[in-house]
Amino acid sequence: MAGDINVKMRLDQEGKFKNAVKEINSELKAMQSEIRAVDAASKGEANTLENLTRKQESLTKAQQKAADLEKKLAEAVANAQKNYDKAADQTKKYKEQLENAKKSGTATEKEISALTKAVADSEKAEQKANIALQDWTKKQNDAKVTTANLTAQVAENDKYIQEAKASYDGTAKSIDEYGKSTDKAADSVEIMAEAMAAAGINAKLEEIKQALLDCADAAATYETAMAKVSTLTGGD
């Protein structure tokens, strides 16, 4: 053995995956921007069927692009693992060669020096490959979170769409016109029931509250709600 040893330092296909992921990321960011634009344009009417449907289209496109990103990153992780395994095998090979050379008693000082440098260079390449693997793995995990979040948003928005389709006025009831949750509905029902009782409606307070809650829970139509109130008040 004579001269320096050429240690492989390059990570195969690293640039290819970086470019591909960068392109998909750019497209995904544009789609997420579109979602924000849809939300901004629908303020004051965010719970209408028309705007919910428009948002669903944007969410679905972003969800599909996020899934594409996750798939590409899985390929990048697999490639990075392959590069790391190669680097680790290379380091192991040079370490064995160095150990054998030292034991042989025939290796020259130049050969020992060349193998020592090869081991050091190979360990650097292995470390570089490991850093790349960890980086790709983190990106993959982040993409999984993004996909999961968008999938949840698609499912939630679809629930609002179904509510809007079933309602008498074409609006979802779980969110208000600004897209905010109406979790405080129970408090509003209690306030309304107290007001109705105070106004002299002929029914017990708890009965009024329960009737209103039943209507809300069943996503009842306006006609159904009025029928319940009419029954409580003794109306025709």
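Owing to the predicted nature of the structure, the values given are computational and were not obtained by experimental measurement.

(A) Structural view of the confidence of the model for the protein. Across the protein, the average pLDDT comes to 84, with 75% of residues at or above 70. Counting interchain partners and residues more than four positions distant, the pLDDT-below-50 stretch residues 217-226 has six contacts.

(B) The arrangement of the side chain of E126 in detail. With respect to the helices, strands and loops of the structure, E126 is situated in helix α3 (residues 109-166). Buried and unpaired, E126 has K95 as its nearest opposite-charge partner, separated by 6.1 Å. In contact with E126, not counting residues within four places along its chain, are Y84, A87, A88 and T91.

(C) A look at the packing of aromatic side chains. A full pass over the atoms with the stated rule returns zero aromatic pairs. Above the plane of the ring of W136 lies K139, whose end atom (NZ or CZ) is 5.8 Å from the centre.

(D) Up close: the packing of helix α1 (residues 14-41) against helix α2 (residues 49-104). Axis separation between α1 and α2 bottoms out at 9 Å; the angle between their running directions is 165°. Taken together, the axes of α1 and α2 are roughly antiparallel relative to one another. The handedness of the crossing between α1 and α2 is left-handed. Partitioned by chemical class, the residues of the contact of α1 with α2 number 14 nonpolar, three polar and 11 charged.

Each value, and the rule that gives it
Residues numbered from 1 in each chain as written. Predicted model: local features only at pLDDT ≥ 70, side-chain atom pairs only at ≥ 80, totals over all residues. Heavy atoms only, no water. pLDDT = per-residue confidence, 0-100. Contact = heavy atoms within 4.5 Å. Helix = DSSP H or I, 4+ residues; strand = E, 2+ residues; numbered from the N terminus. Buried < 20%, exposed > 50% of the residue type's maximum accessible area, 1.4 Å probe, protein only. Lys, Arg positive; Asp, Glu negative; His and termini not counted. Salt bridge = Lys/Arg side-chain N within 4 Å of Asp/Glu carboxyl O. Phe/Tyr/Trp six-rings, centres within 6.5 Å; stacked < 30°, edge-to-face > 60°. Lys NZ or Arg CZ within 6 Å of the ring centre and 35° of its normal. Axes fitted to C-alpha atoms, helices over the stretch in contact; angles between N-to-C directions. Parallel < 35°, antiparallel > 145°, perpendicular 65-115°, else oblique. Left-handed = near helix turned anticlockwise from the far one by under 90°. Nonpolar A, V, L, I, M, F, W, Y, C, P; charged D, E, K, R; others polar.

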